[in-house]
Amino acid sequence: MPAVAQLDDLGLALLVCLVSEQHCIVRAPEHLMENVESRIRSLASEVFSFDYANVRCDVHTTGDHIMTAFERREHNAGRSDTPETKVIVACDLDQAQPHVQIEALEFMRISRGKGQHSQRQMQGTVVFVALLRTTTRAPPFMVDHLNDHFFMLHDVSEHTHTSGKIPQQRPPYASADSFASLSSLSSVIIKRDNPALNTKSLTHSPQSTISPAQIANLQAHASKIRSSAEIRRYIHNIVTFLRLHRGVAGGVSALAARNLPILARILSVLHSLNYIPPSLVALAARKVFTHRILVATPETERSMQWGSDYNAVSDALDGMTPERIVDEVLANVECPL
């Protein structure tokens, strides 16, 4: 599909959400927040021809503010040219009060507004994007259940934006034969170049549109992707090793385990494959688990229950991050040939 090949990293992330009918978290440096939001708006309206709404959150945000974004769509629902799918961007959703985040979760789960003064049934499909600022804050970024219901995390990295380069070191879990393809597969979500996020101006070259029929076609192909016994065992082992990792205090949920093969299938479709290669499973694992993993502290590390030395555990957990945990698991789990 030529239009898919023209998409930048944000476009591909949004396409994955539309094909999976799931929601995602997008993190960006503070000075790129407005550019990223504008780019998502442009993609939703111009490339995918979908409706768009946004809400900016802070400690004073209420559930009715989020509901307003849904009501805009309801107001236009009687028009024949109104798209049935809507992309809603919630900027700084992590800054909203916990009860507001719970209401956002209600919108995500059953597409029903539950504001203070109104409750209405929504029509069609809603893709909810939480646009957060890149900080040193460790997951979960929001209340636990809301954080878990986001399908994946996409990072708009400063390095990728400024240099357009991706490190070419071979990951320890990738064989030498598969590394050449793995390095290109990493660009499925993080492209090497993204001129649309220029900090001086938001200009981008014209792109072909992707119709709802084409998205439905991608969904149909994803449902037909073959998954061998070796790949299913590989996915199962990744989930199991993550749960047993000493640095994990939680977050590797049943929902995350279900999302991993779904994302791997969609990535395979975007590469015109009818099977799931291990390299795409590894890529999907990074997207699915990074925002969910709760890193253990010396107080919550499980070996402390049977007498481990506190200082030794502290040293073992020093510098532990969700990214490092996923890397270690991918390095230790045997990759099928």
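Right above here is the structure, for reference.
What comes next concerns the included structure. (Residues numbered from 1 in each chain as written. Predicted model: local features only at pLDDT ≥ 70, side-chain atom pairs only at ≥ 80, totals over all residues. Heavy atoms only, no water.)

## Structural notes on the pattern of salt bridges
Going through the model one piece at a time under the given rule, you end up with 11 salt bridges. A salt bridge links Glu30 to Arg133; the shortest N-O distance between them is 3.5 Å. Of this pair, Glu30 sits in the loop between strand E1 (24-28) and helix H3 (33-47) while Arg133 sits in strand E4 (residues 125-133), placing them 103 residues apart in sequence. For Glu30, a relative accessible area of 59% translates into the label exposed. Classification of Arg133 as partly exposed rests on a relative accessible area of 33%. Asp327 is paired through a salt bridge with Arg286; the nearest N and O atoms lie 2.5 Å apart. Note that Asp327 is positioned in helix H14 (residues 322-332) and Arg286 in helix H12 (residues 278-289), a separation of 41 residues in sequence. Salt bridges sharing common partners tie together Arg27, Asp155 and Glu323. (Salt bridge = Lys/Arg side-chain N within 4 Å of Asp/Glu carboxyl O. Helix = DSSP H or I, 4+ residues; strand = E, 2+ residues; numbered from the N terminus. Buried < 20%, exposed > 50% of the residue type's maximum accessible area, 1.4 Å probe, protein only.)

## Here's the deal with unusual backbone geometry
Where the residue is not glycine, phi is negative for most of them; where a peptide bond is considered, it is trans in most cases. Positive phi, close to 55 degrees, is recorded for Glu21, a residue that is not glycine. Mapping Glu21 onto the fold places it in the loop between helix H2 (9-20) and E1. Residue classification places Glu21 among the partly exposed residues on the basis of a relative accessible area of 45%. A positive phi is found at Ser49, a non-glycine position, where the angle reads about 60 degrees. The residue Ser49 is located in the loop between H3 and strand E2 (51-56) in this model.

## Notes on the side chain of Asn147
Counting through the fold element by element, Asn147 comes out in helix H6 (residues 144-148). Residue classification places Asn147 among the buried positions, given a relative accessible area of 2%. Among the polar contacts made by the side chain of Asn147, one reaches the main-chain carbonyl oxygen of His291 at a distance of 2.6 Å. If sequence neighbours within four positions are ignored, Asn147 has contacts with Ile25, Pro140, Phe141, Met142, His291 and Arg292. (Polar contact = N/O pair within 3.5 Å; in protein donor to acceptor, adjacent residues only side chain to side chain. Contact = heavy atoms within 4.5 Å.)

## Quick notes on the environment of Ser279
In this fold, Ser279 is placed in helix H12. Residue classification places Ser279 among the buried positions, given a relative accessible area of 13%. For the pair Ser279 and Ala264, spaced 15 residues apart in sequence, the C-alpha separation works out to 9.3 Å.

## So, the packing of H2 against helix H9 (residues 212-223)
Their axes nearest at 9 Å, the elements H2 and H9 cross at an angle of 70 degrees. On the basis of their axis angle, the class for H2 and H9 is roughly perpendicular. Counting all contacts with H2, which are made through Leu15, Leu18 and Val19, the residues of H9 involved are Ile215, Leu218 and Gln219. Residue classes in the contact of H2 with H9 are distributed as five nonpolar, one polar and no charged. (Axes fitted to C-alpha atoms, helices over the stretch in contact; angles between N-to-C directions. Parallel < 35°, antiparallel > 145°, perpendicular 65-115°, else oblique. Nonpolar A, V, L, I, M, F, W, Y, C, P; charged D, E, K, R; others polar.)

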